[in-house]
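# Tertiary structure, described
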Amino acid sequence: MQHDNTRKSREASMDYQPLRGQRALVTGASSGIGEGIARAFGAAGAAVVVNYGGNADAAYRVVDEVKATGSEALAIRADVSKEADVEAMFAEVQRAWAGIDILVSNAGLQRDAAVTEMTLEQWNTVIGVNLTGAFLCCRAAARAMIAQGVRAQISRAAGKIVCISSVHEIIPWAGHVNYAASKGGVKLFMQSLAQELAPHRIRVNSIAPGAIMTPINRPAWETPDALASLLKLIPYGRIGTPDDIGRAAVWLASDDADYVHGQTIVVDGGMTLYPEFAQGG
Ligand code: NAD
């Protein structure tokens, strides 16, 4: 009997789809964290737009993976740092699905250099994608969400926006001033947006990942020496995976998190705990 109840509750939890009936757009979803979020959203019942900047084959592979979960999916190319691209992408979503319930602003990149060597192009590229891209996508999503209002049978909110920032909205990062500035910018952008959009019942939050195994940070984990050195910064003793972020994003976008607003959820295995202080200080 006990065993039977456990089995039934496990089956019930497998059927639990907190995003059922919702339409989501994930930027930069053809690889890494965005791909993990797209897959997790599909499994949670959401139809997913897989935005990609360049690699169409990879985007269509993610579309197939989302469809394999039983949810709808669509690939749309758009450079998030370009206003015309972003506007055209949201217009296409509107035509295809008549609205949007969830935006995950995830697309991002690094152009690392010592500040004395950093070119204006490296600075502008990172700010343009990581911060201006977030602005352009969040603005377009906010307009659509305000226009559609609350669909009570689908969600308690008119829309949910999740920005993927980084532990580098907290931890300074020498050699990466453009990236750290962009993520620090996302922090107050997200909070100000949350303040402004709350009256429209649009929830806005961020996820700040720690070290997640993706193409963006390959040199930090691809050799045993690099991984060992990285693990010294992670008290929990393992590198994160895109699925770790996907699960957090599903929760944050769902009504289970309906009273969570204007917050950064740090998902980092303890990286922000100043691990070097565990042995002294
Ligand atoms: P990734 O390189 O796999 O993913 C970034 C995605 O953004 C790629 O698919 C890329 O094509 C896309 N992209 C880049 N410029 C674009 C543009 N102009 N328009 C549209 N798409 C564009 O790396 P990732 O680790 O999955 O990064 C995803 C997000 O997570 C980024 O914002 C990154 O800063 C953040 N992040 C990653 C880590 C980590 O450890 N991997 C940690 C903290 C934060």
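For the structure given in this document, a descriptive report is provided here. (Residues numbered from 1 in each chain as written. Predicted model: local features only at pLDDT ≥ 70, side-chain atom pairs only at ≥ 80, totals over all residues. Heavy atoms only, no water.)

### Some points on the site of the ligand
If you check the shell around the ligand, you find 28 residues, and the closest are Ser 31, Ile 33, Asn 106, Tyr 179 and Thr 214. Between the ligand and Gly 108 there is a distance of 3.5 Å, counted from an oxygen atom to a backbone nitrogen or oxygen. Between the ligand and Thr 214, the relevant distance is 2.5 Å, taken from an oxygen atom to a side-chain nitrogen or oxygen of the residue. Burial of the ligand by the surrounding chains reaches 89%, relative to a free accessible area of 820 Å². For the shell around the ligand, the secondary-structure elements that each account for two or more residues are α2 (32-43) and α6 (177-197). For the shell around the ligand, the class distribution of residues is 13 nonpolar, 13 polar and two charged. (Near = heavy atom within 4 Å. Polar contact = N/O pair within 3.5 Å; in protein donor to acceptor, adjacent residues only side chain to side chain. Areas by Shrake-Rupley, 256 points an atom, 1.4 Å probe, with all protein chains shown as cover. Helix = DSSP H or I, 4+ residues; strand = E, 2+ residues; numbered from the N terminus. Nonpolar A, V, L, I, M, F, W, Y, C, P; charged D, E, K, R; others polar.)

### Notes on empty space enclosed by the protein
Within the structure shown, the criterion is met by one cavity of 30 Å³ or more. Of the volumes computed, that of the largest cavity is approximately 50 Å³. Around the largest cavity sit Ser 105, Asn 106, Ala 107, Asn 130, Ala 134, Cys 163, Ile 164, Lys 183 and Val 186, which together line it. Counting residues per element, the ones that place at least two in the lining of the largest cavity are α5 (120-148), β5 (159-164) and α6. Taken together, the residues of the lining of the largest cavity sort by class into five nonpolar, three polar and one charged. (1 Å grid on protein atoms, 1.4 Å probe; cavity = no way out; pocket = protein on both sides within 12 Å on 5 of 7 lines; lining within 4 Å. Points joined across faces, edges and corners; volume = space filled by probe spheres on them.)

### With respect to the packing of aromatic side chains
Throughout the structure, instances matching the rule amount to two aromatic pairs. Summarising the aromatic geometry, the rings of Trp 173 and Tyr 179 are spaced 5.6 Å apart at their centres and angled 70° between planes, so their arrangement reads as edge-to-face. Seen in terms of ring centroids, Tyr 274 and Phe 277 are 6.3 Å apart; in terms of plane orientation they differ by 80°. Their pairing is edge-to-face. Judged by its relative accessible area of 56%, Tyr 274 falls in the exposed class. (Phe/Tyr/Trp six-rings, centres within 6.5 Å; stacked < 30°, edge-to-face > 60°. Buried < 20%, exposed > 50% of the residue type's maximum accessible area, 1.4 Å probe, protein only.)

### Observations concerning the layout of surface pockets
Quantified by volume, the second largest pocket comes out at close to 220 Å³. Going through the elements one at a time, α2 and α8 (242-253) are the ones with two or more residues in the lining of the second largest pocket. Each residue belonging to the lining of the second largest pocket can be placed in one class, and the counts come to six nonpolar, two polar and three charged.

### Remarks on the pattern of salt bridges
Scanning the model with the defined rule gives 16 salt bridges in all. The closest approach of N and O atoms between Asp 101 and Arg 151, which form a salt bridge, is 2.9 Å. In this pair, Asp 101 is assigned in the loop between α4 (83-97) and β4 (102-105) and Arg 151 in the loop between α5 and β5, connecting sequence segments 50 residues apart. According to the relative accessible area criterion, Asp 101 is buried, its value standing at 5%. Several salt bridges share partner residues, and in doing so they unite Glu 35, Arg 39, Arg 61, Glu 65 and Asp 243 into one network. (Salt bridge = Lys/Arg side-chain N within 4 Å of Asp/Glu carboxyl O.)

### Considerations on the packing of α4 against α5
With their axes 10 Å apart at the nearest point, α4 and α5 run at an angle of 35° to one another. Note on packing geometry: the crossing formed by α4 with α5 is right-handed. Only Leu 136, Cys 137, Arg 139, Ala 140, Ala 141, Arg 143 and Ala 144 of α5 make contact with α4, whose side of the interface consists of Glu 83, Val 86, Glu 87, Met 89, Phe 90 and Gln 94. (Axes fitted to C-alpha atoms, helices over the stretch in contact; angles between N-to-C directions. Left-handed = near helix turned anticlockwise from the far one by under 90°. Contact = heavy atoms within 4.5 Å.)

Function cannot be inferred from these measures alone, as they are strictly geometric.
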